[in-house]
Amino acid sequence: MKHFKEYMIMTALLPFCFSCDSGDIYPKETVYDGITIETELHFTGVGAWPEDYQLILAAYGDDTENPVASQSIDQVSTDGESVKITFANVLTDAKTIAVSMVKSRKLVYKFTEALLTEGEKKVELPVQEVNLLTFNRLQSQLFSQCAACHGGSTTASAGLYLTEGQSYNMLVNHPAVHSTKMRVAPGLISGSFIVDVLGGSTDVKYNHSKLSSLKAEDVVLLKEWIENGAKNE
Ligand code: HEC
């Protein structure tokens, strides 16, 4: 939320009226009925680019989950790369603009969000930093699938709580119950028992690779996060 900024958008929606008395023929103009937003997105953690999920630039009105307008963002392959985006004809009732990750139009996670207030028709947002490797994303995308057996109800299998606010301390540099490894060893995929478990390790009674909601790219995200130091940010 550190990228919140306020921008003035002047909603001068002039009636579309002009006369062509002179008989001149003018090139056809696009009817303009919204605001234009220009922004630059600066991506880091691109190894965890969501491929099964869609990454979109979305404008939200009062409903903060279903956008009034959106456009997809083309994949970036190099860390630190920037993409300039022009978002035209955004409805004037848009209040925020966000880089969001969606699945079947359902919001999974918002990376950055900027606030729009009344003002100009053309808004230039400064560079938006989009780190694809945040722990919050991991919580929303992956651990939300685990809470049913790991502390979301009354029990936590293997004493492991994967609920929001608890999962980080329960994993990072925390010894596993069913292995001599850590549950998560920062920087070390082979030393992180959680990777074995999701891969179907028989050291635990439940075969996690059978979890129907679990997608290959959820595991890619987990591994990228571990490799990059398993940071709590
Ligand atoms: C259907 C229930 C269920 C779901 C869903 C589930 N787990 Fe588990 N998990 C278990 C059980 C049961 C154990 C412990 C088995 C045992 O004691 O042998 C376990 C053990 C683990 C362990 C080993 C902990 C240790 O210290 O040895 C890890 C790590 C783990 N789960 C991670 C996850 C993650 C990550 C998810 C979500 C992607 C998840 N689990 C979803 C049932 C589940």
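Details of the structure are given in the entry above.
Residues numbered from 1 in each chain as written. Predicted model: local features only at pLDDT ≥ 70, side-chain atom pairs only at ≥ 80, totals over all residues. Heavy atoms only, no water.

Student: Tell me about the site of the ligand, and name the residues and values.
Tutor: The local shell around the ligand holds 22 residues, among which Cys146, Cys149, His150, His178 and His208 are the closest. In the environment of the ligand, an oxygen atom lies 2.7 Å from a nitrogen or oxygen atom belonging to the backbone of Val177. Contact between the ligand and His178: an oxygen atom at 2.7 Å from a side-chain N or O atom of the residue. Split into classes, the residues belonging to the shell around the ligand amount to 15 nonpolar, five polar and two charged. (Near = heavy atom within 4 Å. Polar contact = N/O pair within 3.5 Å; in protein donor to acceptor, adjacent residues only side chain to side chain. Nonpolar A, V, L, I, M, F, W, Y, C, P; charged D, E, K, R; others polar.)

Student: Account for the coordination of the iron atom of the ligand, with residues named and values stated.
Tutor: Coordination of the iron atom of the ligand by the protein is provided by His150 (NE2) and His208 (NE2), with metal-donor distances spanning 2.0 Å. Considering all six donor atoms around the iron atom of the ligand, the spread of angles at the metal, 88 to 179 degrees, places the coordination shape in the octahedral class. With His150 in the loop between helix H1 (135-141) and helix H2 (167-171) and His208 in the loop between helix H3 (193-198) and helix H4 (216-227), this pair connects stretches of sequence that are 58 residues apart. Residue classification places His208 among the buried residues on the basis of a relative accessible area of 13%. (Donors = N, O, S within 2.8 Å, 3.2 Å for Na, K, Ca; no water. Tetrahedral: all angles 85-135°; square planar, octahedral: opposite > 155°, others 65-115°. Helix = DSSP H or I, 4+ residues; strand = E, 2+ residues; numbered from the N terminus. Buried < 20%, exposed > 50% of the residue type's maximum accessible area, 1.4 Å probe, protein only.)

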